[in-house]
Each structure stands twice: as C-alpha cells, then as structure tokens.
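# Architecture at a glance
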Amino acid sequence: MIKLLSVAIVAGLFFASVEPNDATDCWTEWFDSSNPSGTGDRENLDKLNRKYPGKICPTPMDIEAKTLSGLSPEEAGDVIEISETDSGFICRKRDQPDGQCNDYKVRFSCPPPYCAEIVCLTKWYDRDQPSGSGDWETLGSLRNENPGEICENPLYIEVVTTDAMIPAIYTGENFFTFNPTKGFVCRNRDQSSNTCKDYKVRFGCPCGY
Ligand SMILES: [Ca+2]
Ligand SMILES: [Ca+2]
C-alpha cells in the first residue's frame, strides 16, 4: 500500500514511535543502499533483503528513516513516500519544494521470534544449469534432492553467479522466482539475451535446524 504523505502525516503515522511498540521487538541495523543522485533516494526492502541476506526479518512491523546525519524526514524538510514496510522508502526529488532529497538510511523493526532467532546459512546449492529452459534452483527440488539439509521455511535466500559470485540483483537479468520460500528460477525466455547465467543459491534457516 503506497501512500503519498505530507511530512506532518508521515511524522504522525510512522515516525512517532521510534522505538518498537513491544519491548521485545527489535530494530535491525541501519541500511543505506541508494544515493539521491538520480530521481531520488530509494531504500527498497526487497533489494535490501537480497543485498544483506539474513539481516532483516521477512515481514518487518515498522520502518524508520533518517538522513545520514541523523535527521528525521520532518526535521530535514523532505516530503517522502513510504510503503509502510513491504517495499521500503522513497524520497523523490520531484516531490520536494527545493527539488532535492537528502540521503537517507532505513531500519526495520522485527517481531519477537526474529529477535531471539539467530539465522544460519546453508551451504551453496547449484542443481541446474541454464542449458535447458533456464536455471531452476527451486526450494522444493533442492529439499527433495538434499534430504534434511534445508529447513522447510527458510527466512532468507542468497543467489550469486557460480563463476564470479556476482549477486543476482546486479546481473541485470529478469527472474521468474526469487524468494526464500520458493527458491530461485531464471528462465532463458525472460532474458533479452535468451540465456540465463548459471546461479547458485543458499538459504538462511533458524540455527540448530
Ligand atoms: Ca540512501
Ligand atoms: Ca545453477
């Protein structure tokens, strides 16, 4: 749910509670993946999850944004757009009176189960090559072929190319499936080059699984 909000509404709705509502909730560390060099500053949750696997819970309860110098959007005088927690934070230059956005960092609050849970990464898996219809590294197939090795409901997935270990989000390819509960699929037909790179994946599971 995207809402265009004035600074006053944003301050009231989303940034009034700078600490977690429940004392047992926890905040993640701060993330800054984007600079306001183009049309604005965008700190997207999906992108952050892929760039920092295991660092953010799958369904954050709240989001907080501050400038790198520590000001709230209200204090910085910026009008921001925020999709509560599912896609993160956007400051668009075109929405600003002065046409400029500050550089923001964001953090998320996570529910108690996540706070107490330390995430452990599995080994890397590479079960398929993109020589057929694409590179199919689905969680179902990987679990079937590696019994007992991967938890049923992973919290995170990390995907890199098999050769240079380039994170999938930086290869510019279009992915059919890319999430911790289904795994990863790159279909050749979705690429302008008609072929996917070869990827390997690993998952974040509760430690002790
Ligand atoms: Ca930023
Ligand atoms: Ca592969």
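Residues numbered from 1 in each chain as written. Chains lettered and ligands numbered in written order. Predicted model: local features only at pLDDT ≥ 70, side-chain atom pairs only at ≥ 80, totals over all residues. Heavy atoms only, no water.

Our next topic: the overall build of the chain. Within the chain one finds five helices and 13 strands. Look at the contacts in the chain between residues 6 or more apart in sequence, and 71% of them connect residues 24 or more apart. As displayed, the chain has an accessible area near 10500 Å², and 49% of this comes from carbon and sulfur atoms. (Helix = DSSP H or I, 4+ residues; strand = E, 2+ residues; numbered from the N terminus. Contact = heavy atoms within 4.5 Å. Areas by Shrake-Rupley, 256 points an atom, 1.4 Å probe, with all protein chains shown as cover.)

Attention now moves to unusual backbone geometry. Notably, Met165 is not glycine yet its phi reads approximately 60 degrees, a positive angle. Secondary-structure assignment places Met165 in the loop between strand E10 (156-161) and strand E11 (177-179). Look at Met165 and you get partly exposed, because its relative accessible area is 40%. With a phi angle near 65 degrees, Asn194 is a residue other than glycine that sits in the positive phi range. (Buried < 20%, exposed > 50% of the residue type's maximum accessible area, 1.4 Å probe, protein only.)

Disulfide: a covalent bond connecting the sulfur atoms of a pair of cysteines. Summed over all chains, the structure comprises four disulfides. In this model, Cys57 is linked to Cys110 through a disulfide, with the two sulfur atoms separated by 2.1 Å. Its torsion about the S-S bond being -90 degrees, the disulfide of Cys57 and Cys110 is classed as left-handed. Of this pair, Cys57 sits in the loop between helix H2 (45-51) and strand E4 (62-67) while Cys110 is found in strand E7 (residues 104-110), placing the two residues 53 residues apart along the sequence. A sulfur-sulfur separation of 2.1 Å characterises the disulfide bridge that pairs Cys91 with Cys101. Every disulfide takes its handedness from the sign of the S-S torsion; for Cys91 and Cys101 that torsion is -90 degrees, giving left-handed. Note that Cys91 is positioned in strand E6 (residues 88-92) and Cys101 in the loop between E6 and E7, a separation of ten residues in sequence. (Disulfide = S-S within 2.5 Å.)

Below, the discussion takes up the sheet that holds strand E2 (residues 26-27). Strand order across the open sheet formed by three strands is E2-E7-E4, with antiparallel pairing between neighbours. Each end of this open sheet is capped by a strand with a single partner; those strands are E2 and E4. (Pairing = 2+ DSSP bridges.)

Right, let's get into the coordination of the calcium ion (ligand 1). Of the protein atoms, only Asp32 (OD), Ser34 (O), Asp41 (OD), Asp41 (OD), Glu43 (OE), Asp103 (OD) and Tyr104 (O) coordinate the calcium ion (ligand 1), at distances of 2.3 to 2.7 Å. Of the residues examined, Asp32 reaches a relative accessible area of 30% and is grouped as partly exposed. Accessibility expressed as a relative area gives 17% for Asp103, which makes it buried. (Donors = N, O, S within 2.8 Å, 3.2 Å for Na, K, Ca; no water.)

Pairing is antiparallel across the open sheet formed by three strands, whose spatial order is E8-E13-E10. Each having just a single partner strand, strand E8 (119-121) and E10 make up the two edges of the open sheet. Ignoring which end each strand starts from, the neighbouring axes of this sheet average 25 degrees apart. In terms of strand pairing, E10 meets strand E13 (residues 199-206) through six bridges, oriented antiparallel. When the sheet's bridge partners are listed, Val160 is paired in E13 with Lys200. (Axes fitted to C-alpha atoms, helices over the stretch in contact; angles between N-to-C directions.)

Now for the coordination of the calcium ion (ligand 2). Ligation of the calcium ion (ligand 2) by protein atoms is provided by Asp126 (OD), Asp128 (O), Asp135 (OD), Asp135 (OD), Glu137 (OE), Asp198 (OD) and Tyr199 (O), these donors lying 2.3 to 2.7 Å from the ion. Each donor residue of the calcium ion (ligand 2) belongs to the same chain, with the gaps between them written as D-x1-D-x6-D-x1-E-x60-D-Y. Residue Asp128 is located in the loop between E8 and strand E9 (134-138), and its partner Tyr199 is located in strand E13; the two are separated by 71 residues in the primary sequence. For Tyr199, a relative accessible area of 0% puts it in the buried group.

Where charged atoms of side chains with opposite charge meet at close range, the side chains can pair. All told, the structure shown has eight salt bridges when counted by the stated rule. In this structure, Arg92 and Glu81 form a salt bridge, with 2.5 Å as the shortest nitrogen-oxygen distance. With a gap of eleven residues between them, Arg92 in strand E6 and Glu81 in strand E5 (residues 81-83) connect regions that are remote in the sequence. A single burial state applies to Arg92 and to Glu81, both of which are buried. Its salt-bridge partner being Arg202, residue Glu158 comes within 2.8 Å of it at the nearest N-O pair. Taken together, the residues Glu158 in strand E10 and Arg202 in strand E13 connect sequence positions 44 residues apart. (Salt bridge = Lys/Arg side-chain N within 4 Å of Asp/Glu carboxyl O.)

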